[in-house]
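One-letter residues, chain by chain:
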Amino acid sequence: MSTTKNKVGLKETIAILSLYFVSMGFTVVTPAMAKLAAAFPDNNFSLISTLPTLFVVFATLWAGTVAGKKVKYRTLALTGCIIFTVSGTLPAIVGGSFAFILVTRALVGIGLGLMAPLGNALIIGLYEGQKQAAYLGYGTLLMNGGGIILQMLGGALADIGWKTTFFGHLLGVISIVCLIFLPEPEKAPVQQETGGKPAAKDKISPFVYTIAILFLLFNVLNYPVMLNMSLMFEMKGAGGATMAATALSLYTVAGCVAGFLFGTIFKIMKRFCLPIAFFLWAIGAYCIYIGKTMVVMSAGTILIGFAFSVIMPAAFTLVGMRTPPSTVAIGTSIVMALMNLGGFLSSFWLSLLKAICGENIYSPLLVETVIIAVLGVVFLIYNPFPKQAEQ
């Protein structure tokens, strides 16, 4: 059964989905990393790409705590998108030192973090059943699609110069216009005092923390594989940077397809969508590990991209099912925060593997294959969905 809790029109739906469009906004500068390295040879230029993810964590947790309670969803979303757009564009206009650019990148992370938990929380709060699953999938589709557009734009601008790359953040203006029409979910009923004592506040389901820890693990395992892709292609003789970039693009395209089809996938497979996705992910990682040609390695990235973009909306569907409505916003913010923290911690994971295995190019793939396959077995045995979701 598919229902809408509140009346949500087309412009409100577009506003909600526009939150996902810029969610990968920090990747605008990724195509310009070589030029940034040349411009700042004495600095750790990789911070320009990774620093926003750390600030996303803190802003996401705060946004989830106040969304719909102390601050309106629309206010948070517009504030975040304006911060992202303005601070992201500043280096293109005023240039500045490396330190100044890092300050603007921190602000980019804060802006993205303010928006990060809102899309999933609104969909869970405004829709039910099959429609909820479908829109969570469309959100994943737009997240991946927006990432492709932002990186392509960033690459085209990087050909002009490293400063012009930052103009790519101006795409946020589109979301700012759309977010003017962002709806608010119904507030949870105020709990009345009983027996002279205040009614107990709703608590976040412990299962939300389990999902959040899993997403942290996912990014710790998979982020290094994506970062090392061009190096692996060269070491295996499967092609150079262009071939690796193509494989990564296929990862994102597969994610778009999975997001578009998620509503149908969930309707047909129900609880089995999770174990099947985990097994596809494990097969994909193993393909990259053993592959020596672009075809095999690209097949691996396609499988991983498709699998992750099934797991992500399924996980947020579970958040909506397993935690009280008044805690959905903070629950989704915890998941998003730990997911971004996983990307930041992945560099430490690589250092650990280097110390243990003597290399950190192939060992992350082998470990990822084993852990993700084990999770597939776990979710094949354990059904996390409530019984009513199976009907």
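Refer to the structure presented above.
Summary of the structure given here. (Residues numbered from 1 in each chain as written. Predicted model: local features only at pLDDT ≥ 70, side-chain atom pairs only at ≥ 80, totals over all residues. Heavy atoms only, no water.)

**Remarks on the overall build of the protein chain**
Part 1: Looking only at helices and strands, one finds 16 helices and 2 strands in the protein chain.
Part 2: Taking the principal axes of the C-alpha coordinates as reference, the protein chain spans close to 70 × 50 × 40 Å.
Part 3: Put simply, the protein chain has 391 residues, and 53% of those count as buried.
Part 4: Taking all contacts inside the protein chain whose residues are at least 6 apart in sequence as the whole, residues at least 24 apart take part in 84%.
Part 5: Taken as a whole, the protein chain presents about 17000 Å² of accessible surface, with 70% of it coming from carbon and sulfur.
Part 6: Counting 23 positive and 12 negative side-chain charges, the protein chain places the averaged centre of each group 5 Å from the other. (Helix = DSSP H or I, 4+ residues; strand = E, 2+ residues; numbered from the N terminus. Buried < 20%, exposed > 50% of the residue type's maximum accessible area, 1.4 Å probe, protein only. Contact = heavy atoms within 4.5 Å. Areas by Shrake-Rupley, 256 points an atom, 1.4 Å probe, with all protein chains shown as cover. Lys, Arg positive; Asp, Glu negative; His and termini not counted. Charge placed at Lys NZ, Arg CZ, Asp CG, Glu CD.)

**Details of a nonpolar patch on the surface**
Part 1: A surface patch of nonpolar side chains, amounting to about 980 Å² of accessible area, comprises Ile268, Met269, Phe272, Ile276, Val370, Val374, Val377, Val378, Leu380, Ile381 and Tyr382.
Part 2: Every element with two or more residues in the nonpolar patch is listed here: α12 (241-269) and α16 (363-381).
Part 3: Looking at the nonpolar patch element by element, the count peaks at 6 residues for α16.
Part 4: Position of Ile268 among the secondary structure elements: in helix α12. (Patch = residues over 30% accessible without salt bridge, like charges linked within 9 Å, V, L, I, M, F, W, Y side chains within 5 Å. Salt bridge = Lys/Arg side-chain N within 4 Å of Asp/Glu carboxyl O.)

**Structural notes on the side chain of Ser363**
Part 1: Here Ser363 lies in helix α16.
Part 2: A residue is classified by how much of its surface remains accessible, and Ser363, at 9% relative accessible area, is buried.
Part 3: Not counting residues up to four positions away in its chain, the partners in contact with Ser363 are Leu353 and Cys357.

**Quick look at the pattern of salt bridges**
When the charged atoms of two side chains lie near each other, side chains of opposite charge can form a pair.
Part 1: This model, assessed by the stated rule, comprises 1 salt bridge.
Part 2: Between Glu12 and Lys11 there is a salt bridge whose closest N-O contact spans 3.5 Å.
Part 3: Judged by its relative accessible area of 18%, Glu12 is buried.
Part 4: The partly exposed category is assigned to Lys11, whose relative accessible area is 46%.

**Things to note about the environment of Phe58**
Part 1: With respect to the secondary-structure elements, Phe58 resides in helix α3 (residues 47-66).
Part 2: A relative accessible area of 53% places Phe58 in the exposed class.
Part 3: Between the C-alpha atom of Phe58 and that of Ile288, which follows or precedes it by 230 residues, the distance is 34 Å.

**Some points on unusual backbone geometry**
Part 1: Positive phi outside glycine occurs at Lys270, with the angle close to 50°.
Part 2: You can see Lys270 is positioned in the loop between α12 and α13 (273-290).
Part 3: You can call Lys270 partly exposed: its relative accessible area is 25%.

**A look at the nonpolar core**
Part 1: Counting 99 residues, the largest nonpolar core has Leu182, Phe215, Phe218 and Leu274 as the members making the most contacts within it.
Part 2: In terms of residues, this core owes the most to one element, helix α14 (residues 294-322), which gives 12 residues.
Part 3: Not counting the four nearest positions on each side in its chain, Leu274 is found in contact with Ile311, Ala314, Leu318, Phe379, Pro384 and Phe385.
Part 4: If you look at the next biggest cluster of nonpolar residues, it comprises 15 residues, including Met33, Phe40, Ala92 and Trp162. (Core = buried A, V, L, I, M, F, W, Y, C linked by side-chain atoms within 4.5 Å.)

**Observations regarding the packing of helix α11 (residues 229-236) against α14**
Part 1: Interhelical geometry of α11 versus α14 gives an angle of 155° and a closest axis separation of 11 Å. By the angle between their directions, the pair α11 and α14 is classed as roughly antiparallel. Judged by the sense of rotation from one axis to the other, the crossing of α11 with α14 is right-handed. Taking contact as the criterion, the partners of Met229, Met232, Phe233 and Lys236 in α11 are, on α14, Met294, Met297, Ser298 and Thr301.
Part 2: Residues that form the contact of α11 with α14 fall into these classes: 5 nonpolar, 2 polar and 1 charged. (Axes fitted to C-alpha atoms, helices over the stretch in contact; angles between N-to-C directions. Parallel < 35°, antiparallel > 145°, perpendicular 65-115°, else oblique. Left-handed = near helix turned anticlockwise from the far one by under 90°. Nonpolar A, V, L, I, M, F, W, Y, C, P; charged D, E, K, R; others polar.)

**Topic: the packing of aromatic side chains**
Part 1: Following the criterion strictly, the structure yields 17 aromatic pairs and no others.
Part 2: Taken together, a centroid distance of 6.2 Å and an interplanar angle of 40° make the contact between Phe215 and Phe316 tilted. With Phe215 in helix α10 (residues 206-227) and Phe316 in helix α14, the pair connects residues that are 101 residues apart, well separated along the chain. Each member of the pair, Phe215 together with Phe316, is buried.
Part 3: Between Trp281 and Phe308, the ring centres sit 5.9 Å apart and the planes meet at 90°, which makes this aromatic pair edge-to-face. You can see Trp281 sitting in helix α13 and its partner Phe308 sitting in helix α14, a full 27 residues away along the chain.
Part 4: According to the relative accessible area criterion, Trp281 is buried, its value standing at 1%.
Part 5: When its relative accessible area of 11% is taken as the criterion, Phe308 is described as buried. (Phe/Tyr/Trp six-rings, centres within 6.5 Å; stacked < 30°, edge-to-face > 60°.)

**Let's talk about the environment of Leu341**
Part 1: With respect to the element layout, Leu341 can be found in helix α15 (residues 328-357).
Part 2: Distance from Leu341 to Val29, taken between C-alpha atoms, is 19 Å for residues 312 residues apart in sequence.
Part 3: The residues touching Leu341, leaving out its near neighbours within four places in the chain, are Val57 and Leu216.

**Things to note about the side chain of Glu368**
Part 1: Within the secondary structure, Glu368 sits in helix α16.
Part 2: Within the buried set, Glu368 has no salt-bridge partner at all; the shortest N-O distance to an opposite charge, 12 Å, is to Lys236.

**Considering the packing of α14 against α15**
Part 1: Where α14 meets α15, the axes come as close as 10 Å, and the angle between the chain directions of the two elements is 150°. Between α14 and α15, the residues in contact are Phe308, Met312, Phe316 and Val319 and Thr332, Val335, Met336 and Met339, respectively.
Part 2: In the contact of α14 with α15, the residues fall into 7 nonpolar, 1 polar and no charged.

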